[in-house]
Amino acid sequence: VTLDTPSRANFLAVCLYELIQRSSRPLPAGTAMIISDGMKARIINDANPVVMSGDGPADYTIKAGLGVLLKILAHKGPLLPAATVRVRLRGNPLKAWALLRAIRC
Amino acid sequence: MLIEDLVGALGAQRVDVSEQTRWDFAKDLTEAEPRLPDVVVRAGSVEHVQTVLRLSRQYKVPITPVVGGFNMSGLTIPECGGIALDLSAMNRILEVNETDLYMLIEPGVTWEQVYRELGERHPSLRFGYSTAPPTTSVLANGLLDGQTNLSLRYGTTGQWVNGVEVVLADGEIVRTGSGAFGVSWCAGPPMPNLTGLFINAHGITGIVTKMSIQLFPARRYRKRYLVPAFDESSLCDFMVKAAHEELCDDLAGLSWPLSKMALGASPGTSPAPGEPVFYCIIDLSSNDRAELSLRERRVRRLLKGDAFAGLIDAASTVQTFPQLKKFIELPARVDFLLDHPGGGMSFIGAYGPASQWSRAITAGMNTMASHNYPPVTLLRPMQGGHYNLIHHLVLFNRDSEEERNRVRALNEKLCEGLLDLGFVPYKTPAWVLRRFASRLDPGFRKLQHQIKVTLDPDGLLNPGKWLT
């Protein structure tokens, strides 16, 4: 996985890149868009996976505050109860949960 | 000869004239030009300091006190050579008084040492910690009016000093504060504040060998949050309001490059679109859980509006990103800021009025961006909001003369802008005082000169600092 234009990457993209690098679990195929506290970043999982800052086409979207996202990613128990209703998903929800599960610490 | 007399009085193991050692004491992290001392002397006691000062006076050789080895602003560069007096081996915590809330420390006592001592033996007490490396000197920070995570509540570390023991240029020992009566070091008042002669004096009036500094009662419950903020003006408004309401132990704003660099990213020259410009650290504490919740609720109300994202729990942040632990937990470690080619670090930090805070921050960050440096900036309201901190940090390649000159130009511009808005640089480099001397009140300059001449008639104590 590479981080696109590191010197211009937003904080969210830097966070996602760091998490993916550490993760040993496979990422779901396709392009994910994460929207968090005014920041947007995409994870494009194709032959050359890349994390990009900013807007663009995506197969599915996860929208949550940075605080909520970090809480979910730090939570050790089952994924769903921790999320409650503060996460909005668009597109394929199964892929979205698979992504969150993959990058959990 | 001086060297033989130093060896005769202190022993050869305390006197070092090797070039390697002298180079270690010739420079600091900043763009300041190195100057070699002629000899490095390692003091182990007050008597050693007295001996060195008497010999320095006898031979008319300048003397520069040094402690932590992580020096900034060129304050410990021996401008006129002479003796570099290393005080780091004087590193005892002589007393911790739980009831009277102070500790008596020597110059070499580090933040880490205090953190361990209080954690292991005095859990009912707490102390503020600077963002300087944990191996640096608490006493030096107190003498330089540094800021810590408890500065919002209690002001600069210089304001916590009850009194000092100091060796004057003639080798005589003086004690200030209540310690002058020899019974307790618990307070400065009601003694005349002679301690002030040695705070922010940069070692030109005497060499401090002991310091009584205040400790504070620990609180049972603590919470730390991060809040992304999208514009500095709203962040300043929030921090000033929260400071006036006395809600928090600490409020600190960290600009966007700092947060990304803590995660290992290289900073850009401007924030990405939609990115928060600051991350605000909020510390809350109480001995009562219900009171803590009330404080938290009030903070949330003050944070209403589009300028802020939600509160992020620092504990889950550290759990997700363990590398942030050293930055978010205390004592903080900022070693990641030195992990770049050339390893140079310089800063302009200043205290000034809340009414001009937002303007000064924007101007400073714009100045940094226009000089092609990422605006690494730290903000903090101080002492309940009576004055506020702006701290601009520059990372650069110290091996490049061109870049050292660029940093000099940037720092001068930053200082000019800050002084125009009423912000006064702390840990003030000598070049700032010389460059902006005409702005200083002539009466102040005259009085300071008279004090210097009285305490150090031969001008041997850290020459080249302040306006000496």
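Residues numbered from 1 in each chain as written. Chains lettered and ligands numbered in written order. Predicted model: local features only at pLDDT ≥ 70, side-chain atom pairs only at ≥ 80, totals over all residues. Heavy atoms only, no water.

## Considering the overall build of chain A
Alright, step 1. Helices and strands together make up the secondary structure of chain A, namely four helices and six strands.
Alright, step 2. Put simply, chain A runs from its N terminus to its C terminus through helices and strands in the order β-α-β-β-β-β-α-α-β-α.
Alright, step 3. Relative to its length of 105 residues, chain A is compact, with a C-alpha radius of gyration of 12 Å against a globular reference of 13 Å.
Alright, step 4. Counting only C-alpha atoms and orienting by the principal axes, one finds that chain A spans roughly 35 × 25 × 25 Å.
Alright, step 5. Considering chain A as a whole, with its 105 residues, one finds that 50% of them fall into the buried category.
Alright, step 6. Residue pairs in contact within chain A that sit at least 24 positions apart in sequence constitute 64% of those at least 6 positions apart. (Helix = DSSP H or I, 4+ residues; strand = E, 2+ residues; numbered from the N terminus. Rg over C-alpha atoms; globule rule 2.2 N^0.38 Å. Buried < 20%, exposed > 50% of the residue type's maximum accessible area, 1.4 Å probe, protein only. Contact = heavy atoms within 4.5 Å.)

## Things to note about empty space enclosed by the protein
Alright, step 1. One pass over the full model with this rule turns up six cavities of 30 Å³ or more.
Alright, step 2. Looking at the second largest cavity, its volume works out to about 150 Å³.
Alright, step 3. Lining the second largest cavity are 15 residues, with F11(A), L226(B), S259(B), L324(B) and I328(B) positioned closest to its centre.
Alright, step 4. Sorting the residues of the lining of the second largest cavity by element identifies α1 (11-22) and α2 (66-74) of chain A together with α8 (256-262) and α11 (325-328) of chain B as the ones contributing at least two each. (1 Å grid on protein atoms, 1.4 Å probe; cavity = no way out; pocket = protein on both sides within 12 Å on 5 of 7 lines; lining within 4 Å. Points joined across faces, edges and corners; volume = space filled by probe spheres on them.)

## Topic: the pairing of strand β17 (residues 376-382) of chain B
Residues and elements named next belong to chain B.
Alright, step 1. Burial analysis of β17 places seven of its seven residues in the buried class, which makes it a mostly covered element.
Alright, step 2. By the alternation rule, side chains of β17 split into V376, L378, R380 and M382 and T377, L379 and P381, which are all buried.
Alright, step 3. Two elements, strand β13 (residues 250-255) and β17, share two bridges in a ladder whose sense is antiparallel. Its bridge partner being in β17, L254 is matched across the sheet by L378.
Alright, step 4. Across seven bridges, β17 lies against strand β18 (residues 387-396) in antiparallel orientation. Looking at the pairing, L378 lines up with H391 of β18. (Pairing = 2+ DSSP bridges.)

## A closer look at the interface of chain A and chain B
Alright, step 1. Between chain A and chain B, the contact holds 22 residues from the first and 27 residues from the second.
Alright, step 2. For the chain A face of the interface with chain B, the top three residues by lost area are R8(A), F11(A) and L70(A), together amounting to 28%.
Alright, step 3. Linking chain A with chain B are zero salt bridges.
Alright, step 4. Counting residues per element, the ones that place at least two in the side of chain A that touches chain B are α1 and α2 of chain A.
Alright, step 5. Of the residues assigned to the side of chain A that touches chain B, the class counts are twelve nonpolar, four polar and six charged. (Buried area = accessible area lost by both parts, 1.4 Å probe. Salt bridge = Lys/Arg side-chain N within 4 Å of Asp/Glu carboxyl O. Nonpolar A, V, L, I, M, F, W, Y, C, P; charged D, E, K, R; others polar.)

## Quick notes on the packing of aromatic side chains
All names here are of chain B.
Alright, step 1. Under the definition given, this model contains 13 aromatic pairs over all chains.
Alright, step 2. Ring geometry for W111 and Y129: centres 6.2 Å apart, planes at 65 degrees, overall edge-to-face. With W111 in helix α4 (residues 111-121) and Y129 in the loop between β7 (125-126) and α5 (138-143), this residue pair connects regions lying 18 residues apart in the sequence. Accessibility assignment for this pair places W111 and Y129 in one class, buried.
Alright, step 3. Arranged with centres 5.8 Å apart and planes meeting at 65 degrees, the rings of F238 and F308 form a pair that is edge-to-face. With a gap of 70 residues between them, F238 in helix α7 (residues 232-244) and F308 in the loop between α9 (289-302) and β15 (312-313) connect regions that are remote in the sequence.
Alright, step 4. Judged by its relative accessible area of 11%, F308 falls in the buried class.
Alright, step 5. Here the aromatic residues W111, Y115, F127, Y129, Y154, W160 and F216 are joined through ring pairs into a cluster of three or more.
Alright, step 6. Seen from the ring of Y225, R300 lies directly overhead, with NZ or CZ sitting 6.0 Å from the centre.
Alright, step 7. Above the plane of the ring of F436 lies R435, whose end atom (NZ or CZ) is 4.6 Å from the centre. (Phe/Tyr/Trp six-rings, centres within 6.5 Å; stacked < 30°, edge-to-face > 60°. Lys NZ or Arg CZ within 6 Å of the ring centre and 35° of its normal.)

## A short note on the nonpolar core
Alright, step 1. Of all hydrophobic cores here, the largest spans 67 residues; its most connected members are L12(A), L16(A), I34(A), I43(A), V51(A), L99(A) and L337(B).
Alright, step 2. For this core, the leading source of residues is α1(A), giving nine residues.
Alright, step 3. The residues touching L12(A), leaving out its near neighbours within four places in the chain, are I34(A), S36(A), M39(A), K40(A), A41(A), L66(A) and L69(A).
Alright, step 4. Counting residues in hydrophobic clusters, the runner-up holds 48 residues, among them L292(B), Y373(B), L414(B) and C415(B). (Core = buried A, V, L, I, M, F, W, Y, C linked by side-chain atoms within 4.5 Å.)

## Considerations on helix α12 (residues 357-370) of chain B
Residues and elements named next belong to chain B.
Alright, step 1. Taking 1.5 Å of rise per residue, the 14 residues of α12 would be expected to cover 20 Å, and the 20 Å separating its terminal C-alpha atoms lies within 8% of that figure.
Alright, step 2. For α12, the complete set of buried residues consists of W357, A360, I361, G364, M365, T367 and M368. Buried residues in α12, looked at end-on, bunch into an arc of 155 degrees, giving them a common side. With respect to the buried face of α12, the exposed residues turned more than 90 degrees away are R359 and S370.
Alright, step 3. Buried residues belonging to α12 abut α7, β13, β14 (278-286), β17, β18 and α13 (401-420). (Expected span 1.5 Å × (residues − 1). Arc of directions from axis to C-beta.)

## Thoughts on unusual backbone geometry
Glycine aside, residues mostly have negative phi angles, and peptide bonds mostly take the trans form.
All names here are of chain B.
Alright, step 1. Each neighbour pair has its own omega, and for P189 with P190 the value is 0 degrees, a cis peptide bond.
Alright, step 2. Not every positive phi belongs to a glycine, and N372 is a case in point at roughly 65 degrees.
Alright, step 3. Within the fold, N372 resides in the loop between α12 and β17.
Alright, step 4. Residue classification places N372 among the exposed residues on the basis of a relative accessible area of 54%.

## Remarks on the layout of surface pockets
Alright, step 1. In this structure, the second largest pocket spans a volume of roughly 560 Å³.
Alright, step 2. Along its surface, the second largest pocket is lined by 22 residues, and D37(A), G65(A), L66(A), V68(A) and G310(B) are the ones closest to its centre.
Alright, step 3. Elements represented by at least two residues in the lining of the second largest pocket include exactly β2 (30-36) and α2 of chain A together with β12 (221-229) and β15 of chain B.
Alright, step 4. Among the elements that make up the lining of the second largest pocket, the one with the highest residue count is α2(A) (four residues).
Alright, step 5. Across the lining of the second largest pocket, the residue classes break down as nine nonpolar, five polar and eight charged.

## As for the sheet that holds strand β4 (residues 50-53) of chain A
Residue and element names in this part refer to chain A.
Alright, step 1. Pairing is mixed across the open sheet formed by six strands, whose spatial order is β1-β4-β3-β2-β5-β6. Each edge of the sheet is formed by a strand with only one pairing partner; in this case those strands are β1 (2-3) and β6 (88-91).
Alright, step 2. Bridge count for strand β5 (residues 60-63) against β6 is four bridges, and the pairing is antiparallel. By the bridge assignment for β6, T61 is matched with R90.
Alright, step 3. Sitting on the sheet, helix α4 (residues 93-103) is in contact with β2, β3 (39-45), β5 and β6, with an inclination near 55 degrees to β5. (Axes fitted to C-alpha atoms, helices over the stretch in contact; angles between N-to-C directions.)

## A short note on the environment of E106(B)
Residue and element names in this part refer to chain B.
Alright, step 1. Inspection of the secondary structure puts E106 in the loop between β6 (102-105) and α4.
Alright, step 2. Sequence separation between E106 and E165 is 59 residues, and the spatial gap between their C-alpha atoms is 9.4 Å.
Alright, step 3. Discounting residues that sit within four places of it in the chain, E106 has contacts with M90, N91, R92, L94, L139 and T209.
Alright, step 4. A polar contact is formed between the side chain of E106 and the side chain of R92, at a distance of 2.8 Å. (Polar contact = N/O pair within 3.5 Å; in protein donor to acceptor, adjacent residues only side chain to side chain.)

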